[in-house]
Structure formats: C-alpha cells, structure tokens
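The residues making up each chain are set out below.
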Amino acid sequence: MQGSVSAPSHKALETWLNGIEMFPGTQLQLRPVVAHSEIEKLKTAVGASRVEVKVMGNKMGALQDRPGGLARLLRVAGEAYGEISVTMVISVPRGKELREHREHLLADLDEISDVVTGAERARARLVYSDPSGPEQTRLVELVEHSITAKKRVPATDAEENSIRIVSAVDAILAAAAEHEDALRLAVDAGQS
C-alpha cells in the first residue's frame, strides 16, 4: 500500500503497538511490505548506480548459496564478525564506460531481492535506458514504505461513546481484509 510522508513507518507502528501493550507479555515485530511494483522496477532497469542495504544477522543464512558479489560481501562480513547488522553502500559513478558495472550491480541486487525485502533498509538508484535519449535514474525504496490505508473511522461507537482502541483495530482489520489481494501480492513479491 502506498504511503505518504506523514504516515508512520513500520518501526513507528511497532513501537506504538508495543507501547500500548495490546498483547501483554508479547513484543510484536512488524516488517515492511514491499509493493510488487517496486520489485518489478528491478526487472525493468538496465543497471543500478547505487545500492544501499542494511541486513540483520538473522538474514545472513539466506545468503549461503548465493554466488553474486553483494551476497558474498554480506556473507563474508557475517562470517568474520558473527551475529551483526551490516550496512553496505555501493556506488558506481556515471559514464558509459561503467555501464557494465551498473548492469552487474543490478544483477547482484536482483539475486538477493528475496533477502532484501526482509532487510532493515534497502534502496537502489536504478538506471533506465531510453534508446532515443540519455540514461535516467530513479530511486527505488524497497523496504522504507510508510503505512497508509485511507479508511473512514467514526469518532464514536454505536452507543455514541468516544472511539476506543478496539474500534480502531476493527477498522484496520476491515481495511486489511478489503486489500487482502494487494497485501498478499506484496508479501509474495520477494519470493517469486
């Protein structure tokens, strides 16, 4: 679901839900849902000029059999330092002579896209080629999506009492049910 600048991030929502102790004795962990369209942008780009990925230690195991450069760098860091969080930024300068390097970086990013969708941070400046003009770039946020779904919620319940948390949760669940297909597609985006 598309977000806006004023919408809470998944971390802010996680902090709020844990702060109100909706489920006492349980610490909720929220993960961002990547839009299917964002993953599709990886497939239509011709290269990547910049990739930034932050992967937590619990995701390192998913990189074991990946031969690409990004996977290898993350794996080596995990093996050297143990259960760590790794933030990596790789940037390939502009220039036609470096086109092959940008293509290679995109291929490596695509190879680990299923791991990237579960990363703490993942963004890429993708390169798109237009045969009739110069290369264009576009920043793609793979996990930093704010959470939004517009749904009108009455300020009072059926007995005209002020809204309660239960009413808000019911509205959220109703919105989730209404957008179930889009949510399922987004969750499956990194697994296809």
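My aim in this report is to walk through the structure given alongside it, one point at a time. (Residues numbered from 1 in each chain as written. Predicted model: local features only at pLDDT ≥ 70, side-chain atom pairs only at ≥ 80, totals over all residues. Heavy atoms only, no water.)

Focus: the overall build of the protein
In step 1: Scanning the protein from N- to C-terminus turns up seven helices and four strands.
In step 2: Reading the helices (α) and strands (β) of the protein from amino to carboxyl end gives α-α-β-α-β-α-α-β-β-α-α.
In step 3: By residue count, 32% of the 192 residues in the protein fall in the buried class.
In step 4: The long-range fraction of contacts in the protein, counting pairs at least 24 apart against all pairs at least 6 apart in sequence, stands at 67%. (Helix = DSSP H or I, 4+ residues; strand = E, 2+ residues; numbered from the N terminus. Buried < 20%, exposed > 50% of the residue type's maximum accessible area, 1.4 Å probe, protein only. Contact = heavy atoms within 4.5 Å.)

Quick notes on helix α4 (residues 99–111)
In step 1: The end-to-end C-alpha distance of α4, which contains 13 residues, comes to 19 Å, matching closely the 18 Å that a straight helix rising 1.5 Å per residue would cover.
In step 2: The complete set of buried residues in α4 reads Arg102, Leu105, Leu106, Asp108 and Leu109. Looking down the long axis of α4, one finds its buried residues gathered within 160° of arc, a one-sided arrangement. Exposed side chains of α4 directed beyond 90 degrees from the buried face belong to Glu100 and His104. (Expected span 1.5 Å × (residues − 1). Arc of directions from axis to C-beta.)

Topic: helix α3 (residues 69–81)
What sets the pattern is the α-helix's 3.6 residues per turn: residues three or four places apart point alike.
In step 1: Here α3 is 13 residues long and its end C-alpha atoms lie 18 Å apart, about the 18 Å a rise of 1.5 Å per residue gives.
In step 2: For α3, the set of buried residues is Gly69, Leu70, Ala71, Leu74, Arg75, Ala77 and Gly78.
In step 3: Gly82, located one to two residues past α3, shows a positive phi value of around 80°.

Observations regarding the sheet that holds strand β3 (residues 121–128)
In step 1: One open sheet accounts for four strands, arranged β2-β1-β3-β4; its pairing is antiparallel. Because the sheet does not close on itself, it has two edges, and the strands there are β2 (86–91) and β4 (136–141). Pairwise comparison of adjacent strand axes, ignoring direction, gives a mean angle of 10° for this sheet.
In step 2: Relative to β2, α3 is tilted by about 145°, and along the sheet it contacts β1 (47–55) and β2.
In step 3: In the packing of α4 onto the sheet, the strands contacted are β1, β2 and β3, and the crossing angle to β1 comes to about 35°. (Pairing = 2+ DSSP bridges. Axes fitted to C-alpha atoms, helices over the stretch in contact; angles between N-to-C directions.)

Some remarks on the nonpolar core
In step 1: Ranked by internal contacts, the top residues of the largest apolar core, which has 28 residues, are Val51, Leu63, Leu70, Leu74 and Leu126.
In step 2: Sorting the residues of this core by element identifies α2 (36–44), β1, α3, β2, α4 and β3 as the ones contributing at least two each.
In step 3: Those residues in contact with Val51 that sit more than four places away from it in its chain are Leu70, Met88, Val89, Ile90, Leu105, Leu109, Arg123 and Ala124. (Core = buried A, V, L, I, M, F, W, Y, C linked by side-chain atoms within 4.5 Å.)

Thoughts on the environment of Lys11
In step 1: Its place among the elements puts Lys11 in helix α1 (residues 10–19).
In step 2: By relative accessible area, Lys11 is classed as partly exposed at 33%.
In step 3: With 19 residues separating them in the primary sequence, Lys11 and Leu30 have C-alpha atoms 6.9 Å apart.

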